[in-house]
Amino acid sequence: MLSSIPQDWEEIRFGKVAREVSARNRESNDIPVLSVTKHNGFVRSSEYFSRSVHSDDTSNYKVVRKGQFAYATIHLDEGSIALLKEFDRGIISPMYTVFETDADFVCSDYLFRCLKRFALSGRFDPYSNGGVNRRKSISFSDLQAFRFALPPLAEQRAIADVLDTVDDTIKLRESAIAAIANAKFAVMRQLLTRGVRLDRVPMKPLSERWILGRVAEGINEMPIDWQLITLTRVAKLESGHTPSRERPEYWGGDIPWLSLADTNALDALQVYQTAECVTSEGIANSSARILPKDTVAFSRTATVGKVTRLARPMATSQDFANWICGPRIRPDYLVQVFRHMKREWKRLQEGSTHQTIYMPVFKKLQVLLPSLEEQQKIATVGEAFDVQIESERAVVDALKANRDALSNELLSGRLRIPDKMIGIQRDRAEQAA
């Protein structure tokens, strides 16, 4: 029994409101092959992934139609379950379980939010029958026994509408971020290859072949007073290191230590604090060293391509390639160069399991080098875009936190939708009948 639910809500078994669908692909080769992604739900596999992620023989794939659900049977979490809304139909790997609900009894949008919330909180764990690689497999027959609280249909729809409104607002802000990022890319491509004077300065051929570090394809000339130069000639390359975890006296000091635990902080122009700190003894007894303020820290593993400046002296893990800029190159300019090189970083990654850019690659990087004055102007433009993007992301993060809190309250019945809003849903249902 559930501990406490509103009086007009019903405690119900999942199997009473959902049924498994096992239709196989016997229809047409024109049906799109779909995949489930954590943040985007159902996507067309051929458009979302850079390589094929499905078998050439899809005859055993399952058909999923608009309004139906799918989840990864081997691992049911909030990112592995999706509700098909964008496509009329598609086919999906047989590793997924497909099911549908009774539309006269359950609002699919409401149920979808419930399932993601329950998966996130571990509510499905007792229904798991084990699995491999620490993942808990849940068959549909096991899931049928799951019990949850269900409000009247009109209230389900009202709750879904409220949360959909918040989601729509989030999507608008995310679209704004994408638009700003696209605008920045177009502007910075010009500035990083032609400078702030654009067509008002004569151009000359590149002094040598640009092999590593390209900010754009097809660049064969540069402003007459620029240089194409190996980065290590103007900036010192430093690797990081991790002091021994077996020595507690090396940890918990007052020296910031940048690591992959600080991934989110790397989106900012500067990083001020880190998740962990080390002691002077830890630095003295390892290959780590304290890097000066304004060192450019580049993430070369896991989150390849994220880059920021150190706002204060600190050390880093070996996951970073660090650049101490000399008098001929500005660190804020180098950050903008690196942030524009996403395609190049992707090209330079290696590794079958974990993508990495190895240190020898960084020793060969070449960059276009304007005057210090022009570097500053270029960096100022790039940073203006970054500040706006960072501000918009903070708004999105706040909206998501508020949505999640609101979702928990509404889906548990602790917060009730006003009767007037529920009445609107009843009226719509009557008009549609």
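Higher on the page you've got the structure.
Described below are features of the structure shown in this document.

Thresholds applied
Residues numbered from 1 in each chain as written. Predicted model: local features only at pLDDT ≥ 70, side-chain atom pairs only at ≥ 80, totals over all residues. Heavy atoms only, no water. Helix = DSSP H or I, 4+ residues; strand = E, 2+ residues; numbered from the N terminus. Expected span 1.5 Å × (residues − 1). Buried < 20%, exposed > 50% of the residue type's maximum accessible area, 1.4 Å probe, protein only. Arc of directions from axis to C-beta. Contact = heavy atoms within 4.5 Å. Axes fitted to C-alpha atoms, helices over the stretch in contact; angles between N-to-C directions. Parallel < 35°, antiparallel > 145°, perpendicular 65-115°, else oblique. Nonpolar A, V, L, I, M, F, W, Y, C, P; charged D, E, K, R; others polar. 1 Å grid on protein atoms, 1.4 Å probe; cavity = no way out; pocket = protein on both sides within 12 Å on 5 of 7 lines; lining within 4 Å. Points joined across faces, edges and corners; volume = space filled by probe spheres on them. Left-handed = near helix turned anticlockwise from the far one by under 90°. Pairing = 2+ DSSP bridges. Core = buried A, V, L, I, M, F, W, Y, C linked by side-chain atoms within 4.5 Å. Disulfide = S-S within 2.5 Å.

1. Section: helix H11 (residues 419-432)
- An ideal rise of 1.5 Å per residue puts 20 Å on 14 residues; H11 measures up with 20 Å between its terminal C-alpha atoms.
- All of the buried residues along H11 are Ile422, Gly423 and Gln425. Buried residues of H11, seen end-on, are gathered within an arc of 160° and therefore sit on one face of the element. Exposed residues on H11 whose side chains face more than 90 degrees from its buried face are Lys420, Gln431 and Ala432.
- In this fold, the buried residues of H11 make contact with helix H5 (153-194).

2. A short note on the packing of helix H3 (residues 108-120) against H5
- For the pair H3 and H5, the least separation of the axes is 8 Å and the interaxial angle reads 70°. In terms of their interaxial angle, H3 and H5 are classed as roughly perpendicular. Contacts between H3 and H5 involve Asp109, Tyr110 and Arg113 on the former and, on the latter, Gln156, Ile159, Ala160, Leu163, Asp164 and Asp167.
- By residue class, the composition of the contact of H3 with H5 is four nonpolar, one polar and four charged.

3. A short note on the layout of surface pockets
- Considering only enclosed or pocket space, the largest pocket measures out at about 1400 Å³ in volume.
- Lining the largest pocket are 33 residues; nearest its centre among them are His39, Phe112, Lys116, Asp167 and Arg403.
- Of all elements in the fold, only strand E4 (41-44), strand E7 (81-83), H3, H5 and helix H10 (372-412) reach the threshold of two or more residues within the lining of the largest pocket.
- Residues belonging to the lining of the largest pocket are distributed by class as follows: ten nonpolar, seven polar and 16 charged.
- Estimates place the volume of the second largest pocket at around 800 Å³.

4. Things to note about the packing of H3 against H10
- Where H3 meets H10, the axes come as close as 11 Å, and the angle between the chain directions of the two elements is 110°. Accordingly, the angle class assigned to the pair H3 and H10 is roughly perpendicular. Our pair here, H3 against H10, has a crossing hand that is left-handed. Each of Tyr110, Arg113, Cys114 and Arg117 in H3 lies in contact with H10, whose residues at this interface are Asn408, Leu411 and Ser412.
- Broken down by class, the residue content of the contact of H3 with H10 amounts to three nonpolar, two polar and two charged.

5. Description of unusual backbone geometry
- If you check the backbone angles, Asp294 has positive phi at about 75° while not being a glycine.
- Secondary-structure assignment places Asp294 in the loop between helix H6 (280-284) and strand E18 (296-299).

6. Here's the deal with the sheet that holds strand E15 (residues 251-258)
- Taken in spatial order, the three strands of this open sheet run E17-E15-E20, and their pairing is mixed. The sheet is open, and its two borders are formed by strand E17 (276-278) and strand E20 (315-316), each paired with just one other strand.
- Where E15 lies against E17, four bridges are found, and the strand directions are antiparallel. Directly across from Pro256, in E17, lies its bridge partner Cys277.

7. What to know about the nonpolar core
- In this structure, Leu231, Trp323, Ile329, Phe338, Trp345, Phe362 and Leu365 are the most contacted members of the largest nonpolar core, which totals 43 residues.
- Leave out the neighbours within four places in its chain, and Phe338 touches Leu231, Val296, Phe298, Val307, Trp323, Trp345 and Leu365.
- In terms of nonpolar packing, the next biggest core, distinct from the first, is built from 39 residues, Phe14, Leu111, Ile138 and Phe140 among them.

8. Considering the side chain of Gln425
- Residue placement: Gln425 occurs in helix H11.
- Those residues in contact with Gln425 that lie beyond four places of it in its chain are Ala154, Arg157, Ala158 and Asp161.

9. Notes on the state of the cysteines
- As enumerated under the stated definition, the model contains zero disulfides in all.
- This cysteine, Cys114, is not joined by any disulfide, and Cys107 carries the nearest cysteine sulfur, 9.6 Å off.
- Judged by its relative accessible area of 0%, Cys114 is buried.

10. As for H3
- Over its 13 residues, H3 extends 18 Å from the first C-alpha to the last, a length consistent with the 18 Å expected when each residue adds 1.5 Å.
- Counting buried residues along H3, ten of its 13 residues qualify, which places the element largely inside the surrounding structure.
- Of the residues making up H3, those classed as buried are Asp109, Tyr110, Leu111, Phe112, Arg113, Cys114, Leu115, Arg117, Phe118 and Ala119.
- Where H3 ends, the next residue or the one after it, Gly122, has phi of about 80°, a positive value.

11. Re the environment of Lys116
- By the element assignment, Lys116 lies in helix H3.
- Once residues within four sequence positions are removed from consideration, Lys116 is found in contact with Glu78 and Ile81.

12. Re the environment of Arg414
- Residue placement: Arg414 occurs in the loop between H10 and H11.
- Judged by relative accessible area, Arg414 falls into the exposed class, the value being 57%.
- Along the primary structure Arg414 and Glu208 are separated by 206 residues, whereas in three dimensions their C-alpha atoms are 68 Å apart.
- Those residues in contact with Arg414 that sit more than four places away from it in its chain are Asn408 and Glu409.

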